[in-house]
Amino acid sequence: MTHLPFARPPDFEQLVRCEAPGEGLWFVFRGDQLLVEMGPLERPSDDARVRMRPAWARIPLQKNHNWLGSGTLRCLYLGVLGRQQCWAAELPKDAAAPAGMSWEGLRALFSVLDDRHFALAGRALQLLDWDRTHQFCGRCGTRTEPHAEERVRICPACKLSAYPRVAPAVMALIKRESQLLLARGPHFPPGMFSALAGFVEPGESLEQCIEREVLEEVGVRISNSRYFASQSWPFPHSLMIAFVCDWASGDIKPQAGEIEEANWFEVLQLPKLPSKISIARKLIDAVVEEMKSTNDV
Ligand SMILES: [Zn+2]
């Protein structure tokens, strides 16, 4: 099985209710920034969105559950990692970091934090976002209540259930002889290109979604889609499902507003690629390796 960042750690058990709160790992966010103990920002980054990474970082371990003070906006029990309880909490946007700690974005902490802690930080970020945005019933407007045994908020008036939301999105890496089709969106860091991606619409399969997205974004028709792998992507709550496919017909016509530039790149002359934090990079690296090993390039 392909291991990707944000995958559930094998020794993690999700739980909703804590029988006896004890010492635990605290995943505390202020917006999308995580509270960590960390060293100086001096480690080089493979992510064009991150200038430098800290030399080291760790999640605070706390015995006293009141250490956050009265300003906590929400607090969720995540479950048990190995033998450690794990908690998620959100503080106000202007909350100061306690002495010896800092606020840092997850991208800067990738490959610095323990992988299992990094994955749970992604989970915590998504669950906090869900909790924040489902305080009121979407059908009747009544304040919702958490369920004691399950990760769901329920409307006491009309019984509507709001489970944590996951939005499926497909990613397509298109091959043509010794070339790959890579594109860049208007918000990408300068010079960076990646595989195409788009959200699944109601009423379509993953395969249909890929064909539609590719045709819309670059005007190309594809065939022979093969599943590669999937990745939980907590910005804010996606599941990326990656495929490799073959070019079938058509010339590149970038979609205005969505695609700033798209090109066929020789596998041996690829542009700047996304960080290893994302499945996009894993997908591109794997296909390049396969094409090199089969002498397609
Ligand atoms: Zn309701």
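1. Side note on the coordination of the zinc ion
(1) Moving on: Taken together, the protein ligands of the zinc ion are Cys137 (SG), Cys140 (SG), Cys155 (SG) and Cys158 (SG), with distances of 2.3 to 2.4 Å.
(2) Moving on: Each of the four donor atoms bound to the zinc ion contributes to angles spanning 99 to 120°, and the resulting shape is tetrahedral.
(3) Moving on: The sequence pattern formed by the donor residues of the zinc ion is C-x2-C-x14-C-x2-C.

2. Here's the deal with the pairing of strand β9 (residues 84-90)
Each regular strand carries side chains that alternate between the two faces of the sheet.
(1) Moving on: For β9, a buried count of six out of seven residues is recorded, marking the element as mostly surrounded by other parts of the structure.
(2) Moving on: Where strand β2 (residues 24-30) lies against β9, six bridges are found, and the strand directions are parallel. Counted as the bridge partner of Trp26 is Trp87 from β9.
(3) Moving on: Pairing analysis gives seven bridges linking strand β8 (residues 74-81) to β9, with the strands arranged antiparallel. Its bridge partner being in β9, Val80 is matched across the sheet by Gln85.
(4) Moving on: In textbook terms, the turn of a hairpin is the stretch between consecutive antiparallel strands, and for β8 and β9 this stretch comprises two residues, one of which, Gly82, has a positive phi near 60°.

3. A few points about the nonpolar core
(1) Moving on: Phe27, Phe29 and Leu34 are the most contacted members of the largest nonpolar core, which totals 53 residues.
(2) Moving on: Counting residues per element, this core draws most heavily on helix α2 (residues 115-133), at eight residues.
(3) Moving on: Beyond its immediate sequence surroundings of up to four residues, Phe29 is in contact with Leu34, Ala89, Glu90, Leu91, Trp103, Leu106, Ala121, Ala124, Leu125 and Leu128.
(4) Moving on: Among the nonpolar cores identified, the runner-up in size contains 18 residues, and Ala172, Ile174, Ile259 and Ala262 belong to it.

4. Some words on the pattern of salt bridges
(1) Moving on: In this structure the tally under the stated criterion is 21 salt bridges.
(2) Moving on: A salt bridge links Lys175 to Glu290, with the shortest nitrogen-to-oxygen separation between them at 3.8 Å. Placement of the pair is Lys175 in strand β14 (residues 167-176) and Glu290 in helix α4 (residues 279-293), with a sequence separation of 115 residues.
(3) Moving on: For Lys175, a relative accessible area of 12% translates into the label buried.
(4) Moving on: Of the residues examined, Glu290 reaches a relative accessible area of 43% and is grouped as partly exposed.
(5) Moving on: A salt bridge links Glu216 to Arg212, with the nearest nitrogen and oxygen atoms 3.3 Å apart. With Glu216 and Arg212 both in helix α3 (residues 206-218), this residue pair falls four residues apart, about one helical turn.
(6) Moving on: One network of salt bridges, in which partners are shared, links Arg74, Glu90, Asp129, Asp131, Arg132 and Arg153.

The rules behind each value
Residues numbered from 1 in each chain as written. Predicted model: local features only at pLDDT ≥ 70, side-chain atom pairs only at ≥ 80, totals over all residues. Heavy atoms only, no water. Donors = N, O, S within 2.8 Å, 3.2 Å for Na, K, Ca; no water. Tetrahedral: all angles 85-135°; square planar, octahedral: opposite > 155°, others 65-115°. Buried < 20%, exposed > 50% of the residue type's maximum accessible area, 1.4 Å probe, protein only. Helix = DSSP H or I, 4+ residues; strand = E, 2+ residues; numbered from the N terminus. Pairing = 2+ DSSP bridges. Core = buried A, V, L, I, M, F, W, Y, C linked by side-chain atoms within 4.5 Å. Contact = heavy atoms within 4.5 Å. Salt bridge = Lys/Arg side-chain N within 4 Å of Asp/Glu carboxyl O.

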